[in-house]
Structures are given as structure tokens and as C-alpha cells.
Amino acid sequence: MLSVEDALAVVLREAKPLPSEEVALDEALGRVLAEDVAADRDLPPFDRSAMDGYALRAADVAQAPCALELVGEVRAGDAPTLTVGPGQAAKIMTGAPLPSGATAVQQVEKTRPLDEFRVTIEAAVEERQNVAPRGSEVRAGDTVLERGRLIDPSAVAVLATTGKARVRVARRPVAAVLVTGDEIVDVAELPGPSQIRNSNGPAVAAQARLAGANVRVLGIAPDRRDATVAALREGLAGVDVLIVSGGVSAGDYDLVEPALVELGTTLFFTKVAIKPGAPLVFGRRGETLVFGLPGNPVSAQVTFDVFVRAALLRMQGARVVSRPVLEVELLERLRNKSGRTAHLPVRLCLADGKLGAQPVPSMGSADLVAHSRANALVVLEAERTLAEAGERAPALLLGNFLERDGCE
Ligand code: AMP
Ligand code: MG
């Protein structure tokens with residue numbers, strides 16, 4: 001069986017970069033930058049006051065407290081024409097340009113009005129104190145964002161400050177999601193006693209959207225050869241990635257693999273040494289990549305995270321395509337008797353100042369509720385059949401850190 005690492009290498013080899021397009025800054029969140037962005041001006045663009053206070057000459061206030069003559073006021077947005085001479089000060093606001101002659105700013109809290117024409121400076125300041133010099137953050141022409149960077153809110157801020165009202169980003173991959181199974185009913189339907197609701201379709205569609213894809217939801221294919229072939233043929237048409245759930249294991253009605261072959265798909269692998277998972281089909285037909293994910297809900301989500309997400313991000317030119325990995329300390333013993341690389345649900349929490357991993361009790365690869373309680377997956381390689389409490393292990397961060405972060 002192919003290792004996770006080798007399978008991922010095959011996936012990334014096959015995930016070809018998509019062309020780029022230009023979008024409005026408003027539309028750029030969550031996209032992958034397809035150009036290097038350089039600063040169009042120095043940052044700050046002028047010597048900027050970092051405080052509300054008084055622009056003055058630092059040498060004049062070395063013997064504070066002392067009185068300075070007021071020569072005017074500089075507000076944010078002003079282009080000051082006044083000059084601060086020896087023994088003088090100008091009132092200045094945060095974000096305003098330092099007037100000529102001034103070498104520092106004393107914050108208003110360390111000053112006191114003396115009379116209409118003078119101010120008392122109560123403490124000395126260093127040269128340049130409370131002044132952000134022009135170009136001290138970034139020089140015009142410096143690269144501020146690199147191609148392949150995922151555009152998060154902090155990148156949006158950088159794009160805005162460099163005047164990028166339009167941004168070149170990778171085209172979104174188009175991903176179709178098809179689920180299979182005679183027992184599966186739509187979420188809006190009432191399941192019969194031996195039926196279950198389609199959770200994989202919405203889950204995988206949501207994962208694909210978070211990875212930047214435009215998703216087409218294709219519905220539920222029954223476990224019949226002709227119907228499976230027809231649904232896959234439709235699903236493969238005109239999309240960058242087809243994601244199928246279920247029908248890839250060893251049962252009599254697992255029809256996805258032979259149907260893909262019948263449709264002329266090249267299969268690169270059909271099994272990976274991963275738990276949850278193992279049956280996992282990956283192929284290509286023309287320009288379309290196909291993933292056949294296992295039907296078990298946790299297996300589908302985990303294999304998506306490790307392989308499909310990486311493919312979608314790589315197609316968009318992202319430099320980082322895998323979840324962040326942290327070394328954590330196990331707070332309880334974990335076992336892996338699967339002979340495969342196990343991904344075990346845990347909650348990360350701070351325990352005695354260290355990042356600890358508390359196992360989430362789970363009934364296994366169908367237990368989607370347990371999976372939803374995890375904020376990370378501890379990865380135990382096949383050889384590591386037992387990891388004792390106190391040992392360290394790598395953990396893939398899933399990111400749902402919004403609630404219940406403590407160890408109970
Ligand atoms: P399969 O891989 O088709 O043998 O399915 C494995 C298990 O996952 C079975 O218990 C299925 O009922 C379940 N399953 C398959 N597809 C879905 C789905 N779309 N939503 C929830 N569970 C599913
Ligand atoms: Mg099935």
C-alpha cells in the first residue's frame with residue numbers, strides 16, 4: 001500500500017496550476033495571490049507622528065520641564081508649511097507629518113498648557129522619539145506579498161495600502177461533488193429506518209469551498225453500475241476536480257473504481273496506508289482529477305484534508321498546501337494497531353504551559369460527531385503502535401479553535 005507521503009507526492013504532481021485572473025480587492029479574501037506585490041511608496045510615506053502631542057527639537061527639552069513657544073498645529077492629512085525653530089513646538093496629531101525643524105514628538109500626556117502661546121514639556125525625549133521615519137517599515141519597490149500566499153485579512157490590508165484595488169489571483173478550481181449509496185437520503189428528506197442522511201456531500205462541499213473551489217453539488221448516485229457510470233460521466237464533464245464519496249471499498253456494490261475505468265480514467269492509486277481511510281481512489285481523465293473518497297464520514301473528511309485540499313490549493317499555486325503541524329505532548333496514551341498512518345482526533349489545550357493533546361473519545365471512522373469535537377489530529381506512523389502519555393507526537397491543526405479549547 002502506498003504511504004501517505006508517496007500518495008501526496010502523486011497528487012501534487014498531477015495538480016497542475018490553473019490560470020490566473022484579476023479580481024476586485026473585495027473579492028480577494030481566501031484566494032491565492034498570483035503575483036508578487038511591491039510597495040508603490042515608502043511606508044510610512046512621510047515622517048509620521050505616532051502620538052498626539054507636540055513636535056519639537058529634542059535638544060531643547062533635555063533639561064525638562066521647560067517651556068516652548070507654540071508656532072501652530074499639524075493635523076493628520078496636513079502638508080505642514082510651518083517650521084519648528086529652536087525653543088519652539090507645534091501641536092501635532094497622530095498620523096500627521098512631522099513639520100520641518102522638529103526632531104521628535106512628546107506625547108500630550110507629558111505636557112501641560114502654560115498660556116495661549118506656550119506649552120510646558122514635562123519630560124525629555126530622545127531624537128526621533130514618537131516619530132515613525134519615512135520608509136522605516138518598507139521601502140518603495142520592496143516586495144510586501146509573495147505569489148502563492150493565501151489572502152487573509154492581514155494580506156488584504158497590505159494590498160489596500162499598496163493601492164491594489166484589483167489583484168491577480170489564481171482562478172478558483174471548479175469541483176463537482178457526487179455521493180453514492182442506496183442507503184443515503186438528502187438532508188431534507190426523512191430517512192427510513194435503514195437509511196442515513198447524506199452528510200458527506202455537504203461536508204466535502206464545505207471543505208472544498210474553504211479550499212477555494214467553486215462547488216457543483218451533483219446529488220446521490222444509487223449503487224448500480226449503469227447509474228454510477230452515468231453519474232460519473234456527468235460529474236467529470238467540465239470540472240477541474242470530481243470528488244466522489246463512497247463506493248470505493250471492497251463490497252459487492254462498490255462500483256466507483258470499475259466505473260471510472262470504464263469511462264477511461266487513468267487511476268494512479270486505489271489504496272493509501274492511512275487511517276481513517278485506506279480505500280482512496282485517485283485518477284485523471286483528460287484535464288479532470290478524480291478523487292474517490294471512502295464513504296465513512298470521518299474517513300472522507302480526513303482524506304479530503306490530506307489529499308484533496310492539497311490538490312485544490314496546489315492548483316491555485318499556493319505555497320503551503322498542508323495543514324500546519326505542531327509537536328504536542330500526549331496527555332493520554334494513544335494506540336495505532338492499523339499498520340497505517342493513523343490520524344487520531346484530539347483537542348489541543350495548554351497543560352502546564354505546554355501544548356497538550358487530549359484524545360477525543362470516538363467510535364471510529366463513522367463517528368462524525370467525535371470528529372467535529374477535535375481541533376487537531378495526532379499523526380502516528382504505522383510503526384508507532386503505542387504512544388504513552390507524556391510522549392510527543394506531531395498534530396495536524398484543523399483550526400476549529402473557537403470553543404472548548406481547555407482540557408477538561
Ligand atoms: P461505502 O464506502 O460506500 O462502503 O460507505 C461506507 C460507510 O459510509 C457506510 O456505512 C455508508 O453508509 C457511509 N456513507 C457512505 N456515503 C455516505 C454519505 N454521503 N454520508 C454519510 N455516510 C455515508
Ligand atoms: Mg456505499
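Residues numbered from 1 in each chain as written. Chains lettered and ligands numbered in written order. Predicted model: local features only at pLDDT ≥ 70, side-chain atom pairs only at ≥ 80, totals over all residues. Heavy atoms only, no water.

Peer 1: Please explain the overall build of the chain as it appears in this structure.
Peer 2: Each helix and strand in the chain was counted, giving 7 helices and 28 strands. A compact globule built from 408 residues should have a C-alpha radius of gyration of about 22 Å, whereas the chain, at 30 Å, is more than 25% larger. Structurally, the chain occupies a C-alpha span of about 95 × 50 × 40 Å along its principal axes. When burial is assessed residue by residue, the chain has 47% of its 408 residues classed as buried. Within the chain, contacts between residues separated by at least 24 positions form 71% of all contacts whose residues are at least 6 apart in sequence. Surface accessibility of the chain: about 19,600 Å² in total, with carbon and sulfur atoms responsible for 51%. (Helix = DSSP H or I, 4+ residues; strand = E, 2+ residues; numbered from the N terminus. Rg over C-alpha atoms; globule rule 2.2 N^0.38 Å. Buried < 20%, exposed > 50% of the residue type's maximum accessible area, 1.4 Å probe, protein only. Contact = heavy atoms within 4.5 Å. Areas by Shrake-Rupley, 256 points an atom, 1.4 Å probe, with all protein chains shown as cover.)

Peer 1: I would appreciate a short explanation of the site of ligand 1 in the present structure.
Peer 2: Within the structure, ligand 1 sits among 17 residues, and Glu183, Asn198, Ser199, Gly247 and Gly295 are positioned closest to it. Contact distances for ligand 1 include 2.9 Å between a nitrogen atom and a side-chain N or O atom of Asn198. Bound to the protein, ligand 1 loses 78% of the 490 Å² it would expose on its own. Looking at the shell around ligand 1, the elements with two or more residues in it are β13 (174-180) and β15 (196-197). Along the lines of polarity and charge, the residues of the shell around ligand 1 split into 4 nonpolar, 10 polar and 3 charged. (Near = heavy atom within 4 Å. Polar contact = N/O pair within 3.5 Å; in protein donor to acceptor, adjacent residues only side chain to side chain. Nonpolar A, V, L, I, M, F, W, Y, C, P; charged D, E, K, R; others polar.)

Peer 1: Help me understand the pairing of strand β28 (residues 392-397), please; the structure alone is not making it clear to me.
Peer 2: For a regular strand, side-chain orientation follows a simple rule: the groups alternate between the two sheet faces. As paired strands, strand β22 (residues 325-330) and β28 are joined by 5 bridges and run antiparallel to one another. Following the sheet pairing, Glu327 is matched in β28 by Pro394. Note: strand β26 (residues 376-380) against β28, 3 bridges, orientation antiparallel. Bridging across to β28, Leu377 finds its partner in Leu396. (Pairing = 2+ DSSP bridges.)

Peer 1: Please explain the pattern of salt bridges as it appears in this structure.
Peer 2: Oppositely charged side chains can form a pair if their charged atoms are brought close together. One pass over the structure, following the stated rule, counts 20 salt bridges. Two residues, Glu35 and Lys164, come together in a salt bridge whose shortest N-O distance is 3.2 Å. On the criterion of sequence distance, the pair formed by Glu35 in the loop between β1 (20-24) and β2 (37-38) and Lys164 in the loop between α2 (153-161) and β12 (166-170) is long-range, its members being 129 residues apart. On the basis of relative accessibility, which here comes to 22%, the residue Lys164 falls in the partly exposed class. Via salt bridges that share partners, Arg13, Glu14 and Arg284 belong to a single interconnected network. (Salt bridge = Lys/Arg side-chain N within 4 Å of Asp/Glu carboxyl O.)

Peer 1: Looking at this model, I keep getting lost on the sheet that holds strand β9 (residues 118-121). Mind explaining?
Peer 2: The pairing of strands in a sheet comes from backbone hydrogen bonds and takes either a parallel or an antiparallel form. Read across the open sheet, the 6 strands follow the order β7-β4-β6-β5-β9-β8; overall the sheet is mixed. Unpaired on one side and paired on the other, β7 (104-107) and β8 (111-115) mark the two borders of the sheet. Within this sheet the neighbouring strands show an average axis-to-axis angle of 40 degrees, counted without direction. In terms of strand pairing, strand β4 (residues 53-56) meets β7 through 4 bridges, oriented antiparallel. Bridge pairing in β7 links Leu56 to Ala104. (Axes fitted to C-alpha atoms, helices over the stretch in contact; angles between N-to-C directions.)

Peer 1: When you look at the nonpolar core in this model, what are you seeing that I'm missing?
Peer 2: General note: in soluble globular proteins, nonpolar side chains tend to be found buried as a group. Membership of the largest hydrophobic core comes to 47 residues, with the highest contact counts inside it found for Ile243, Phe291, Leu293 and Phe307. Secondary structure elements with two or more residues in this core: α1 (4-14), β13, α3 (200-210), β17 (241-245), β20 (279-285), β21 (288-293), α6 (297-315) and β26. The greatest single-element share of this core, amounting to 12 residues, is contributed by α6. In this structure, Phe291 is in contact with Val11, Val241, Leu242, Ile243, Val244, Val281, Phe282, Phe307, Val308 and Ala311, ignoring residues within four places of it in sequence. In this structure, Val239, Val248, Ala259 and Val281 belong to the second largest nonpolar core, which totals 18 residues. (Core = buried A, V, L, I, M, F, W, Y, C linked by side-chain atoms within 4.5 Å.)

Peer 1: Where do I start with the side chain of Arg31 in this structure?
Peer 2: Along the chain, Arg31 turns up in the loop between β1 and β2. With relative accessibility at 5%, the residue Arg31 sits in the buried group. In this structure the side chain of Arg31 is engaged in a polar contact, spanning 2.9 Å, whose partner is the backbone oxygen of Ala170. Those residues in contact with Arg31 that sit more than four places away from it in its chain are Glu21, Val23, Arg149, Leu150, Ile151, Val169, Ala170, Arg171 and Arg172.

Peer 1: It is not clear to me how helix α4 (residues 225-236) should be interpreted in this structure. Could you clarify?
Peer 2: Spacing of three or four residues puts side chains on the same side of an α-helix, whose turn is 3.6 residues. Across its 12 residues, α4 extends 16 Å between first and last C-alpha, which sits within 8% of the 16 Å expected from 1.5 Å per residue. Within α4 the residues assigned to the buried category are Ala227, Thr228, Val229, Ala231, Leu232, Gly235 and Leu236. Each element contacted by the buried residues of α4 is listed here: β13, β16 (214-221), β17, α5 (256-262), β20 and β21. Phi for Gly238, located one or two positions after α4, is positive at around 70 degrees. (Expected span 1.5 Å × (residues − 1).)

Peer 1: Sorry, what's going on with a negative patch on the surface here?
Peer 2: Taken together, the side chains of Glu5, Asp6, Glu381 and Glu383 make up a negatively charged region of the molecular surface. Along the chain, Glu381 turns up in the loop between β26 and β27 (386-387). Classification of Glu381 as partly exposed rests on a relative accessible area of 39%. (Patch = residues over 30% accessible without salt bridge, like charges linked within 9 Å, V, L, I, M, F, W, Y side chains within 5 Å. Lys, Arg positive; Asp, Glu negative; His and termini not counted. Charge placed at Lys NZ, Arg CZ, Asp CG, Glu CD.)

Peer 1: Looking at this model, I keep getting lost on the sheet that holds β21. Mind explaining?
Peer 2: In space, the 6 strands of this open sheet follow the order β16-β13-β17-β21-β20-β18, with mixed pairing throughout. Looking at the sheet topology across the chains shown, the edges are occupied by β16 and β18 (266-271). In this sheet, neighbouring strand axes are inclined to one another by 15 degrees on average, regardless of whether the strands run parallel or antiparallel. As judged from the 5 bridges shared by β17 and β21, these two strands associate in the parallel manner.

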